[in-house]
Amino acid sequence: MVRLVLLDIEGTTLPITFVKDVMFPYAAHALPTVLEDDADPVVVQARADIEAAFPGRAPLDVCRDWMARDEKAAPLKALQGVAWRQGFADGTIRADLYPDVLPVLQAWHEAGLRLAVYSSGSIPSQKLLYGHTVQGDVTGLFEGFYDLSTGGKKDAESYRKIARAADVAPQDILFLSDIGAELDAAIEAGYAVCQLVRAQDGTVPHPGVPQAGTLGDVAQNFDLLGA
């Protein structure tokens, strides 16, 4: 029986284009200023981590290389989170969820189904995004947020750690994502999974896993109460 639904963000609850065309360009423009901040401990730590890993290289150049390759590097994610904090706070950025997402999440939450997020974006960034959506602040629907500090999303051990942290047996967790390799890792950890195949994002169906076009389809296919 599914007790906890663990959700990816991009391509699962909101369009990939929002992150690609809005959030990433905003952060890229802001990073030079962000990296100069000596007062924010997140910036100081991220900069130190980059300098330790790439001695002699400017942290901004490293970040730009990571962005060009779409690397899920933890220091970059932390710095992007700092940039996005300002963008969300002043209203420059607003996330727009897929139309099916909020009604289903609310129904699941009201039915007592536990909800959590696992994304490559930092936990502060996740909370910023869900706290500043066109649909309002929806962070209260989620009991937990997990990022790369737990481990890589294509590593089965990351999903085992999340199950232990949530105190839920892996077989009682349903992981929703659009990325096949992430779903494979979750399956290896004992999870139930479903791939969100969003026509808007041109998602490529991953062989051997259940698929759904909306969260409503997920609710129906897995017989989840409240939706």
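Nothing here was measured: the structure is a model prediction, and the numbers come from that model.

Undergrad: Please provide a residue-by-residue account of the side chain of Lys-77, values included.
TA: Within the secondary structure, Lys-77 is located in helix α4 (residues 74-89). With no salt bridge to any partner, buried Lys-77 finds its closest opposite charge in Glu-10, at an N-O distance of 5.3 Å. Ignoring sequence-local partners within four residues, the contact set of Lys-77 consists of Phe-24, Lys-72, Ser-120, Gly-121, Ser-122, Ser-125 and Leu-148.

Undergrad: An account of the side chain of Gln-80 is requested, with residue identities and associated values reported.
TA: Take Gln-80: it is sitting in helix α4. According to the relative accessible area criterion, Gln-80 is buried, its value standing at 3%. Sequence-distant contacts of Gln-80, that is, excluding residues within four places in its chain, are made with Phe-24, Ala-27 and Met-67.

Undergrad: Let's hear about the packing of aromatic side chains: which residues, and what values?
TA: Throughout the structure, instances matching the rule amount to seven aromatic pairs. Centroid distance Tyr-130 to Phe-142: 4.8 Å. Interplanar angle 40 degrees. Geometry classified as tilted. Within this pair, whereas Tyr-130 is found in helix α6 (residues 123-131), its partner Phe-142 is found in the loop between α6 and β3 (144-146), the two being separated by twelve residues in sequence. Note on Tyr-130: relative accessible area 0%, which makes it buried. Note on Phe-142: relative accessible area 7%, which makes it buried. Ring pairs connect the aromatic residues Tyr-118, Tyr-159, Phe-175 and Tyr-191, which therefore count as one cluster. Stacked on the ring of Tyr-118, the Lys or Arg Lys-153 has its end atom at 5.4 Å from the ring centre. Above the plane of the ring of Tyr-98 lies Arg-198, whose end atom (NZ or CZ) is 3.8 Å from the centre.

Procedures and definitions
- Residues numbered from 1 in each chain as written.
- Predicted model: local features only at pLDDT ≥ 70, side-chain atom pairs only at ≥ 80, totals over all residues.
- Heavy atoms only, no water.
- Helix = DSSP H or I, 4+ residues; strand = E, 2+ residues; numbered from the N terminus.
- Buried < 20%, exposed > 50% of the residue type's maximum accessible area, 1.4 Å probe, protein only.
- Lys, Arg positive; Asp, Glu negative; His and termini not counted.
- Salt bridge = Lys/Arg side-chain N within 4 Å of Asp/Glu carboxyl O.
- Contact = heavy atoms within 4.5 Å.
- Phe/Tyr/Trp six-rings, centres within 6.5 Å; stacked < 30°, edge-to-face > 60°.
- Lys NZ or Arg CZ within 6 Å of the ring centre and 35° of its normal.

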